[in-house]
Amino acid sequence: FSRTEEVAAFGELSYEAVDRLSLTAGIRYSDYSNRWDRNFIVPPPGGIIRPGPDLNPPRFSEDSVTLKFEVDYLTPNDVLIYVMAAQG
């Protein structure tokens, strides 16, 4: 069976630079890991591995940081114009 764990956190700050114009920046951190626990009933061809639990199960892990930036402008007629760039 496979065992997967992920922990993540996200934060975002907005700042009104001038009237009707705001700037936003965000960041997300994630830590991901995956492990396969295997039990061999019949040895694979070649006979290198014996029946029983896999003593060296495959594992994978990574962490990542993704960023987000946004600029919002609210026109005098209350129309919102915005530009956003984000990773991921």
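Residues numbered from 1 in each chain as written. Predicted model: local features only at pLDDT ≥ 70, side-chain atom pairs only at ≥ 80, totals over all residues. Heavy atoms only, no water.

## With respect to a nonpolar patch on the surface
On the surface, a nonpolar cluster with roughly 450 Å² of combined accessible area is contributed by Ile27, Tyr29, Val65, Leu67 and Phe69. Counting only elements with at least two residues in the nonpolar patch, the list comes to β2 (21-36) and β5 (59-74). In terms of residue count, the dominant contributor to the nonpolar patch is β5 (3 residues). With a relative accessible area of 44%, isoleucine 27 lands in the partly exposed category. (Patch = residues over 30% accessible without salt bridge, like charges linked within 9 Å, V, L, I, M, F, W, Y side chains within 5 Å. Areas by Shrake-Rupley, 256 points an atom, 1.4 Å probe, with all protein chains shown as cover. Salt bridge = Lys/Arg side-chain N within 4 Å of Asp/Glu carboxyl O. Helix = DSSP H or I, 4+ residues; strand = E, 2+ residues; numbered from the N terminus. Buried < 20%, exposed > 50% of the residue type's maximum accessible area, 1.4 Å probe, protein only.)

## Structural notes on the pattern of salt bridges
A complete count under the given rule lists 6 salt bridges for this structure. Residue arginine 28 pairs with glutamate 6 through a salt bridge whose shortest N-O separation is 3.9 Å. Of this pair, arginine 28 sits in strand β2 while glutamate 6 sits in strand β1 (residues 2-18), placing them 22 residues apart in sequence. Exposure remark for arginine 28: the relative accessible area of 33% places this residue in the partly exposed category. You can call glutamate 6 partly exposed: its relative accessible area is 48%. Two residues, glutamate 12 and lysine 68, come together in a salt bridge whose shortest N-O distance is 2.8 Å. Note that glutamate 12 is positioned in strand β1 and lysine 68 in strand β5, a separation of 56 residues in sequence.

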